[in-house]
Amino acid sequence: MHGLLRSPWNEPRPPGARGPTWWDGVLVVVCALAALTEGALRPDLPWPVPTVAVVAGLAPALLWRRTRPLAAVTAVFGGATLLTLVTGGGAGQMYTTVYFLALPYALVRWGSGREVAAGTAIVLLASSADLFLDAARAADLLGGAAVLFATGALGSALRYRGRARAREIDRARLLEREHIARELHDTVAHHVSAMAIRAQAGQTVARTRPEAAVEALRVIESEASRALDEMRTMVRALRRDGPAERSPSPGIGDLEELACRAGPGPAVAVEVTGSFDGLPPAVTAAVHRLARESVTNARRHARDATLVTVRVDADETSVRLSVSDDGDTGRLRPTAAPGYGIIGMAERAELLGGSCEAAPNPDGGWTVTAVLPRSGAPA
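What counts as what
Along every chain, residues carry numbers that run from 1 in the direction the sequence is written. Only residues with pLDDT of 70 or above have their local features reported here, since the model is predicted, and side-chain atom pairs are shown and tallied only from 80 upward, although totals for entire chains, interfaces and linings are computed over all residues. Excluded from the side-chain calculation are hydrogens and water; included are all heavy atoms of the structure. UniProt positions are given in the numbering used here, feature names are shortened, and annotations may be inferred rather than shown by experiment. Here a helix means four or more residues in a row that DSSP labels H or I, a strand means two or more in a row labelled E, and each is numbered from the N terminus. Here's how the labels work: a residue is buried when its accessible area is under 20% of the maximum for its type, exposed when over 50%, partly exposed in between, all with a 1.4 Å probe on protein chains only. pLDDT: the predictor's confidence for each residue, scored from 0 to 100. Two residues qualify as a contact provided that any one of their heavy atoms is within 4.5 Å of a heavy atom in the partner residue. Each aromatic pair joins two rings of Phe, Tyr and Trp (for Trp, the six-membered one) with centres within 6.5 Å, and gets the label stacked for planes under 30 degrees apart, edge-to-face for over 60, and tilted for any other angle. Whether a charge sits over a ring comes down to the Lys NZ or Arg CZ being within 6 Å of the ring centre and within 35 degrees of the ring normal. What counts as an axis is a line fitted to C-alpha atoms, over the stretch in contact for a helix, and the angles between N-to-C directions run from 0 to 180 degrees. If an angle is under 35 degrees, it is roughly parallel; if it is over 145, roughly antiparallel; if it lies from 65 to 115, roughly perpendicular; otherwise it is oblique. Left-handed describes a crossing whose near helix is turned anticlockwise from the far helix by less than a right angle; the clockwise case is right-handed. Pairing between two strands requires that DSSP report at least two bridges joining them. Here the nonpolar core consists of buried residues drawn from Ala, Val, Leu, Ile, Met, Phe, Trp, Tyr and Cys, with membership extended through side-chain atoms lying within 4.5 Å.

### Remarks on the UniProt feature "transmembrane region" (unreviewed entry) in the protein chain
Okay, step 1: According to UniProt, the "transmembrane region" (unreviewed entry) feature falls on residues 47-64, 71-95 and 141-160.
Okay, step 2: Span residues 47-64 is 56% helix and 0% strand, its end C-alpha atoms 28 Å apart.

### Describing helix α5 (residues 102-110)
Okay, step 1: For α5, the tally of buried residues reaches seven of nine residues, placing the bulk of the element in the interior.
Okay, step 2: Of the residues making up α5, those classed as buried are L103, P104, A106, L107, V108, R109 and W110.

### Structural notes on the confidence of the model for the protein chain
Okay, step 1: A residue-level look at the protein chain finds 78% of positions with pLDDT of 70 or above and a mean pLDDT of 79.
Okay, step 2: Of all the helices and strands in the protein chain, helix α1 (residues 2-9) carries the lowest mean pLDDT, 57, while helix α2 (residues 22-41) carries the highest, 93.
Okay, step 3: Counting contacts from residues 238-247, a segment whose pLDDT is below 50, to residues more than four positions away or on other chains yields 18 contacts.
Okay, step 4: Scored below 50 in pLDDT, residues 332-338 makes four contacts in the model with residues more than four places away or belonging to other chains.

### Notes on the packing of aromatic side chains
Okay, step 1: Using the criterion set out here, one finds three aromatic pairs in the structure.
Okay, step 2: Ring centres of F77 and F100 lie 6.0 Å apart, and the angle between their planes is 55°; on these two criteria the pair is classed as tilted. Of this pair, F77 sits in helix α4 (residues 69-86) while F100 sits in the loop between α4 and α5, placing them 23 residues apart in sequence.
Okay, step 3: Relative accessible area serves as the criterion here: at 12%, F100 is assigned to the buried category.
Okay, step 4: Measuring from centroid to centroid gives 4.9 Å for Y99 and F100, while their planes differ by 85°, and the two rings are edge-to-face.
Okay, step 5: Owing to a relative accessible area of 7%, Y99 belongs among the buried residues under this scheme.
Okay, step 6: Directly above the ring of W110 sits R109, whose terminal nitrogen or CZ lies 4.0 Å from the centroid.

### Topic: the packing of α2 against helix α3 (residues 48-57)
Okay, step 1: The N-to-C vectors of α2 and α3 enclose an angle of 165°; their axes lie 8 Å apart at closest approach. When the interaxial angle is binned, α2 and α3 end up roughly antiparallel. Crossing angle aside, the handedness with which α2 passes α3 is right-handed. Across from A32, A35, L36 and G39 in α2, the residues of α3 making contact are V52, V55 and A56.

### Some thoughts on the pairing of strand β5 (residues 366-373)
Okay, step 1: Sheet analysis places strand β3 (residues 318-325) next to β5, joined by seven bridges and oriented antiparallel. Bridging from a neighbouring strand, S324 pairs with T367 of β5.
Okay, step 2: Two successive antiparallel strands, strand β4 (residues 355-360) and β5, enclose a turn made up of five residues, where G364 displays a positive phi of approximately 110°.

### Considering the nonpolar core
Okay, step 1: Grouped together as the largest cluster of nonpolar side chains are 30 residues, with contacts concentrated most on L255, V287, V310, V312, V319 and L321.
Okay, step 2: Every element with two or more residues in this core is listed here: β1 (267-274), α9 (281-301), β2 (307-314), β3, α10 (340-351) and β5.
Okay, step 3: Looking at this core element by element, the count peaks at eight residues for α9.
Okay, step 4: Look past the residues within four positions of L321 in its chain and what remains in contact with it is V287, L290, A291, V310, R311, V312, V368, T369 and A370.
Okay, step 5: Formed by 24 residues, the second largest nonpolar core is a distinct cluster that contains V52, A56, V73 and F77.

### With respect to the sheet that holds β2
Okay, step 1: Read across the sheet, five strands follow the order β1-β2-β3-β5-β4 without closing on themselves; strand pairing throughout is mixed. Each end of this open sheet is capped by a strand with a single partner; those strands are β1 and β4. If you compare each strand with its neighbour and ignore which way they point, the axes differ by 10° on average.
Okay, step 2: Where β1 lies against β2, eight bridges are found, and the strand directions are parallel. Across the sheet, the residue bridging to G274 is A314, located in β2.
Okay, step 3: The strands that α9 touches are β1, β2, β3 and β5; relative to β3, the one it contacts most, it runs at about 10°.

Structure follows, in structure tokens:
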């Protein structure tokens, strides 16, 4: 039982809490104006001046409900309790105080375990003081407690939903990094094998053909430099333990395999322009994998699409990939969270110093755009 209670007590704040925004400022102004308007339109409101002043004056606490939820709860419910004590329970209830519900929600959604416990105690004490001074309103307070509980339950549900999604995102990134590391293992092994063969050849001809030995050293230096770059990328990928794959990494030339005109789903057209000589295997493998993943997503999810176009272009500094479909974006939810496939694609591009984004087209359909540096490493 002690361990069961200790776990929520030691729970840290969830990540992602953002500071005050312009929308929070608008919300504060609306709540303050609503309190002033209600006070002016309700002649039957007891203690109108202090009640309106407190309710309107506590509205700015909404600005810090995400970054400082315990302080916001303390200010709002402490101020309301102080008003109740000063007026002896005679202050009237205002409809504008409905914004108080945002504070318990924010406390459970963004607070740490200790903050949630302390804030809950403050809310209970505030309710007890109100009940002690006005026992006739016990039924109302019971209903208010049920509303507060429902608000806190909603915050708790969204909190753990966000945590579950964060775990899924981390898992998708780790799987993508593992796949990258396994691909790079083959590339590094190839460079090391080439260095070993050149070194053996250099030792054999060193006495009779010194110039051949010098050429072998040059090749070894070049292969070592490339292997070092690949190993740095592999370290960034944070590969987990497991047997390495022995299949060769796909390249730019394998993109033609994605083109198809028959079968279920939209047709796929591939256009490749530019020079791809000297590209690191990690970059060519990434372009192929990003293109394949994008085509698979388009053929599986694009509504009413008839054509998927894959364009790959290389210049002196970067390789650009664009995968577009002509589907109907109107049927897609614009607020839907990005899938884990897109997260993995973006992770792969970032590890190679590039970027990958997916967005709807103005005239319909979606486009996945990836830009990778030719060096295959962050600047």
